Protein chains: 2
Amino acid sequence: MITIKQSHEVAPRIYHDGETVKHVEKRVLVGPADRAPNFSMRKFTVGAGGCSPYHTHPWEHEVYVLSGRGEVRFADGSQPVRPGDVAFVPPNDEHQFVNTGTDAFEFLCMVPLEGEDG
Amino acid sequence: MITIKQSHEVAPRIYHDGETVKHVEKRVLVGPADRAPNFSMRKFTVGAGGCSPYHTHPWEHEVYVLSGRGEVRFADGSQPVRPGDVAFVPPNDEHQFVNTGTDAFEFLCMVPLEGEDG
């Protein structure tokens, strides 16, 4: 059966240790609980001054920027992104998403199920 | 290497036969050309009066509504959707996306690579 939901009604999980990850909310919009067979859709809201961890893992990210201003940092530099921009992070590439603005920086990030921790 | 692009710079493919599909533009934002290993991210822009085909296939859709007004039609009804709404269409479920507004109806639609025709 087709499932339709409003993304703001999905409860977030908070990620914040004040050092490696700051002011991140993650909402799993479609994932294992929906019986998604292959990949998961998550929405990340990074508050002002916030960032995801600088890390790497053996699965890819497919990212679509929804709102705010941010940048993607990687092994040999960084690049600013804005709404409507798309980032493809291949497996095993180091990466980090940083809010460089004053409003929330929001993006969708899709991963194969092996990269979904719930 | 991380790839970053602006979605409006991706060339669209047009789908319109005036009957089963109307005023649809499809942009493959991340897909086989990017060496995506598992799934593809596409952006659909459905013009006023437009719709995708009513159909089914053996792969799922994960959809995020970006702008405009529309509805999802399925075997036993329909449901309106608006920006920020998410739809999960399981494999083999009949479905159609219809623009019910006066502006463009835009959404992202992710599929496993088996469902990507380029």
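Throughout, a residue's number is its position along its own chain's written sequence, starting from 1. Whichever chain is written first is A, and whichever ligand is written first is 1; the rest continue in order. For a predicted model such as this one, the threshold for reporting local features is a pLDDT of at least 70, and the threshold for listing and counting side-chain atom pairs is 80 or more; totals across whole chains, interfaces and linings nevertheless cover every residue. Side-chain descriptors were evaluated using all non-hydrogen atoms of the structure, hydrogens and water having been removed beforehand.

S.K.: So what exactly am I meant to see when it comes to the relation of the copies chain A and chain B here?
M.R.: Here two copies of a chain appear, and what relates them is a rotation about an axis with a shift along it. The two copies are related by a screw motion: chain A maps onto chain B through a turn of 180 degrees and a shift of 0.0 Å along the axis, at an RMSD of 0.0 Å. Such values leave the two copies arranged in the relation of a two-fold axis. Superposing copies: least-squares fit, C-alpha atoms only, residues required to have pLDDT of at least 70 in both.

S.K.: I keep staring at the pattern of salt bridges and nothing clicks. Help me out?
M.R.: Two side chains of opposite charge can pair, provided their charged atoms sit close to one another. Residues and elements named next belong to chain B. The rule for a salt bridge is simple: a side-chain nitrogen of Lys or Arg has to be within 4 Å of a carboxyl oxygen of Asp or Glu. Here the structure, examined in full by the defined rule, presents 12 salt bridges over all chains. Its salt-bridge partner being Lys5, residue Asp34 comes within 2.9 Å of it at the nearest N-O pair. Residue Asp34 is found in the loop between β3 (22–30) and β4 (39–51), and its partner Lys5 is found in strand β1 (residues 3–6); the two are separated by 29 residues along the sequence. The buried category is assigned to Asp34, whose relative accessible area is 18%. The exposure class of Lys5 is partly exposed, given its relative accessible area of 22%. Helical segments are the DSSP runs of H or I of at least four residues, strand segments are the runs of E of at least two, and each set is numbered from the N terminus. When a residue's accessible area, from a 1.4 Å probe over protein chains only, is under 20% of the maximum for its type it is buried; when over 50% it is exposed; and in between it is partly exposed.

S.K.: In this structure, what is going on with the interface of chain A and chain B? I would like to understand it.
M.R.: Here a residue-residue contact requires only that any non-hydrogen atoms of the pair lie within 4.5 Å. Contact with chain A, which involves 43 residues of that partner, is made by 43 residues of chain B. Here chain A meets chain B over a buried area of about 3500 Å², counting both sides, of which 64% is carbon and sulfur. There are 0 salt bridges connecting chain A and chain B. In protein, a polar contact means a hydrogen-donor-capable atom and an acceptor-capable atom, both N or O and within 3.5 Å, with residues adjacent in sequence counting only if both atoms are side-chain atoms; elsewhere, any N or O pair within 3.5 Å suffices. One can count 14 residue pairs in polar contact (both at pLDDT 80 or more) joining chain A with chain B. Contributions of two or more residues to the side of chain A that touches chain B are made by β1 (3–6), β3 (22–30), β4 (39–51), β5 (61–67), β6 (70–74), β7 (77–81), β8 (85–89) and β10 (105–112) of chain A. When two parts are put together, the accessible area they lose, computed with a 1.4 Å probe and summed over both, is reported as buried area.

S.K.: Where do I start with the packing of aromatic side chains in this structure?
M.R.: When we look at a pair of aromatic rings, we describe it by the centre distance and by the angle of the planes. All names here are of chain A. Stacked, tilted and edge-to-face are the three classes applied to pairs of Phe, Tyr and Trp rings, where Trp contributes its six-membered ring and a pair requires centres within 6.5 Å; stacked means planes under 30 degrees apart, edge-to-face means over 60, and tilted covers the rest. The tally for this structure, following the rule as stated, stands at 7 aromatic pairs over all chains. Arranged with centres 5.3 Å apart and planes meeting at 50 degrees, the rings of Phe105 and Phe107 form a pair that is tilted. Note on accessibility: Phe105 and Phe107 belong to one class, buried. A connected cluster of aromatic rings, assembled from ring pairs, spans Phe44, Phe97, Phe105 and Phe107.

S.K.: It is not clear to me how the environment of A:Val30 should be interpreted in this structure. Could you clarify?
M.R.: Take A:Val30: it is sitting in strand β3. Taking the C-alpha atoms as reference points, A:Val30 and A:Leu66, 36 residues apart in sequence, are found 17 Å from one another. Residue contacts for A:Val30: discarding those within four places in its chain leaves A:Ala36, A:Ser40, A:Met41, B:Glu62, B:Val86 and B:Phe88.

S.K.: Help me understand the confidence of the model for chain A, please; the structure alone is not making it clear to me.
M.R.: Predicted coordinates in regions of low pLDDT should not be interpreted in detail. For chain A, the average pLDDT comes to 97, and 99% of its residues sit at 70 or higher. Overall fold confidence (pTM) sits at 0.97, and the ipTM for the predicted complex is 0.97. Confidence scores labelled pLDDT are given residue by residue by the predictor and lie between 0 and 100.

S.K.: I would appreciate a short explanation of the side chain of B:Gln6 in the present structure.
M.R.: Topologically, B:Gln6 is positioned in strand β1. Discounting chain neighbours no more than four positions away, the residues touching B:Gln6 are A:Arg82, A:Gly84 and A:Asp85.

S.K.: Is there a simple way to think about the nonpolar core in this case?
M.R.: One recurring pattern in soluble globular proteins: nonpolar side chains tend to sit buried together. A:Met41 and B:Met41 are the most contacted members of the largest nonpolar core, which totals 23 residues. In contact with A:Met41, other than residues within four places in its own chain, are A:Arg27, A:Val28, A:Leu29, A:Val30, A:Cys109, A:Met110, B:Glu62, B:Val63, B:Tyr64, B:Val86 and B:Met110. Listed in part, the 19 residues of the second largest apolar core include B:Phe44, B:Val63, B:Val72 and B:Val111. The definition of a nonpolar core used throughout is a set of buried Ala, Val, Leu, Ile, Met, Phe, Trp, Tyr and Cys residues joined through side-chain atoms within 4.5 Å.

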